[in-house]
Amino acid sequence: MVSTKYILAASLLSSSAFGLSLLPAIEKYSSRVSSYFELDFKPESNGPEIIYMFPDNPEQKPIPGDSPLFQCEATSPQLLTLESVSIDPNPPVKGQNLTFVAKGVLAKEVGEGAYVDVDVRYGFIRLIHQRFDICEEITKVDLECPIEKGKQVIKKEVAIPEEVPPGKYTVIAKAFTADDEFITCLGAVIEFPPN
């Protein structure tokens, strides 16, 4: 009988390797380990998601304008083509208002049921993972659903609290229609210095 600790070790090795996108490099080894322990090892295409934030990554594309935003999953077809995004001040400053202006073209109408998943991390620590209803949120920038196909301009001013702890924050927002069509993926890395 195979020890549980060996099965656990083989499972952790396989899942850790997949999570780090190393699986292609060690797939042959993983297959031998899984066959030795009589495990049914089959890599899944919908494994853990890797959020890339490294230079020269084809999955990330800078967005024109004055902001730290980038388009993530840039090689995937998206309904929103961003022409520019600007923030003022850039970088954001604690205790000041931030003005955000985004211009883009929407390939088709977006209606009820559309949503955006937002992840906020402080360093490697996930602070927020929340789903927002786009039609509820869009009213905060004086738009309403359905959002029409074509050119769109969004302008919003928000207050940055003085109490924001210093450090590096990573924000990833992925938007989808009610039918799970990919609207866009936006990311930013913002660093607030110590006072």
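Whatever comes next refers back to the structure up there.
Calculation criteria
Residues numbered from 1 in each chain as written. Predicted model: local features only at pLDDT ≥ 70, side-chain atom pairs only at ≥ 80, totals over all residues. Heavy atoms only, no water. Helix = DSSP H or I, 4+ residues; strand = E, 2+ residues; numbered from the N terminus. Buried < 20%, exposed > 50% of the residue type's maximum accessible area, 1.4 Å probe, protein only. Contact = heavy atoms within 4.5 Å. Areas by Shrake-Rupley, 256 points an atom, 1.4 Å probe, with all protein chains shown as cover. Core = buried A, V, L, I, M, F, W, Y, C linked by side-chain atoms within 4.5 Å. Pairing = 2+ DSSP bridges. Phe/Tyr/Trp six-rings, centres within 6.5 Å; stacked < 30°, edge-to-face > 60°. Disulfide = S-S within 2.5 Å.

**Q** Account for the overall build of the protein, naming residues and giving values.
**A** Looking only at helices and strands, the protein has 3 helices and 9 strands in total. From first element to last, N terminus to C terminus, the protein shows the α and β order α-α-β-β-β-β-β-β-α-β-β-β. Burial statistics for the protein: of 195 residues in total, 34% are counted as buried. When contacts within the protein are restricted to residue pairs at least 6 apart in sequence, those whose partners lie at least 24 apart make up 55%. For the protein, the exposed surface amounts to about 12,600 Å²; the carbon and sulfur share of it is 57%.

**Q** Let's hear about the nonpolar core: which residues, and what values?
**A** Ranked by size, the top nonpolar core spans 30 residues in total, and within it Leu106, Ile134, Ile147 and Ile183 carry the most contacts. Of all elements in the fold, only strand 3 (80-88), strand 4 (97-106), strand 5 (115-122), helix 3 (134-137), strand 8 (167-176) and strand 9 (182-192) reach the threshold of two or more residues within this core. In this structure Ile147 touches Leu106, Lys108, Glu109, Val110, Ile134, Ile138 and Gln152, once residues within four positions along its chain are discounted. Of all hydrophobic cores here, the second largest spans 7 residues; its members include Phe70, Tyr115, Ile172 and Phe176.

**Q** I'd love a proper account of the sheet that holds strand 2 (residues 69-71), names of residues and values included.
**A** The strand order 1-2-9-8-5-6 describes an open sheet built from 6 strands, whose pairing is antiparallel. At either end of the open sheet lies a strand with only one pairing partner, and these are strand 1 (61-62) and strand 6 (125-133).

**Q** How would you sum up unusual backbone geometry? Please name residues and give values.
**A** The omega torsion across Asp88 and Pro89 is 0°, close enough to zero to call that bond cis. Residue position: Pro89 is located in the loop between strand 3 and strand 4. Omega for the bond connecting Cys145 with Pro146 falls within 30 degrees of zero, at -5°, which places this linkage in the cis form. At Asp142, a position not held by glycine, the phi torsion is positive, near 60°. Overall, Asp142 belongs to the exposed group, its relative accessible area being 72%. One non-glycine residue, Asp180, lies in positive phi territory at about 65°.

**Q** Go over the packing of aromatic side chains, please, and point to the residues and values.
**A** In total, this model carries 4 aromatic pairs according to the counting rule given. Ring geometry for Tyr169 and Phe192: centres 5.8 Å apart, planes at 75°, overall edge-to-face. A residue pair is termed long-range when its members are at least 10 positions apart, and Tyr169 in strand 8 and Phe192 in strand 9 qualify at 23 residues. Exposure class is identical for Tyr169 and Phe192. Each is buried. A connected cluster of aromatic rings, assembled from ring pairs, spans Tyr115, Phe176 and Phe182.

**Q** Can you tell me about the side chain of Thr177, naming the residues and giving the values?
**A** By the secondary structure assignment, Thr177 is in the loop between strand 8 and strand 9. Residue class for Thr177 comes out buried when judged on its relative accessible area of 7%. Beyond its immediate stretch of four places on either side in the chain, Thr177 contacts Leu79, Gly113, Ala114, Tyr115 and Ile183.

**Q** Run through the state of the cysteines, naming residues and quoting values.
**A** Taken as a whole, this structure holds 2 disulfides when the rule is applied. A disulfide bridge connects Cys72 with Cys185, and the sulfur atoms are separated by 1.9 Å. Looking along the S-S bond of the Cys72-Cys185 disulfide, the torsion reads about -90°, which is the left-handed sense. Taken as a pair, Cys72 in the loop between strand 2 and strand 3 and Cys185 in strand 9 lie far apart in primary sequence, 113 residues in all. With respect to burial, Cys72 and Cys185 carry one shared label: buried. Between Cys135 and Cys145 runs a disulfide, and the two sulfur atoms are separated by 1.9 Å. On the sign convention where negative means left-handed, the S-S torsion of about -90° between Cys135 and Cys145 marks this disulfide as left-handed. Here Cys135 is found in helix 3, whereas its partner Cys145 is found in the loop between helix 3 and strand 7 (150-159), with 10 residues between them in sequence. Using a relative accessible area of 18% as the deciding quantity, one classes Cys145 as buried.

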